[in-house]
Amino acid sequence: VQLVESGGGLVQPGGSLRLSCAASGFTFSAYDMSWYRQAPGKERELVARITSAGGSTDYADSMKGRFTISRDNAKNTVYLQMDSLKPEDTAVYYCNAKRTFRNYWGQGTHVTVSS
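Remember, it's a predicted structure, so these values are computed and weren't measured experimentally.

(A) Spatial organisation of the pairing of strand β11 (residues 109-113). Residues Thr109, Val111 and Val113 point to one face of β11 and are all buried, whereas His110 and Thr112, pointing to the other face, are not buried. Summarising the sheet, strand β2 (residues 9-11) and β11 pair through 3 bridges and their orientation is parallel. Residue pairing across strands places leucine 10 opposite threonine 112, the latter belonging to β11. Pairing between strand β9 (residues 91-99) and β11: 3 bridges, direction antiparallel.

Structure, rendered in structure tokens:
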């Protein structure tokens, strides 16, 4: 099982980034997918979640209206479009796949929002 995140980097406040998470080694379309983040000195928190078929999404309150989660089951990939980025969005962003008792994590990608 592999979850490989990409797309992180340094961006100025107000800018945008698109994160990708490429999955392999399991039946991607059967899993709910999520993005989490962990800022320095803070606990990991849920950013956004999308159901296996992509029919339902859920966001943390502070991300609503700025972030959009989507998935392409044909490409085994989940995305996170992040707009209007703020310095407080600086964190390591992790991809997560979950189905009943199975729970997989990626290695994370760093996002730094700074001028």
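Let us keep going from here.
(B) Local environment of unusual backbone geometry. A positive phi is found at serine 84, a non-glycine position, where the angle reads about 50°. Among the secondary structure elements, serine 84 is positioned in the loop between β8 (77-82) and β9. You can call serine 84 partly exposed: its relative accessible area is 41%. Phi at threonine 100 takes a positive value of approximately 45°, unusual for a residue other than glycine. Look at threonine 100 and you get exposed, because its relative accessible area is 62%.

Reading the values: rules and limits
- Residues numbered from 1 in each chain as written.
- Predicted model: local features only at pLDDT ≥ 70, side-chain atom pairs only at ≥ 80, totals over all residues.
- Heavy atoms only, no water.
- Buried < 20%, exposed > 50% of the residue type's maximum accessible area, 1.4 Å probe, protein only.
- Helix = DSSP H or I, 4+ residues; strand = E, 2+ residues; numbered from the N terminus.
- Pairing = 2+ DSSP bridges.

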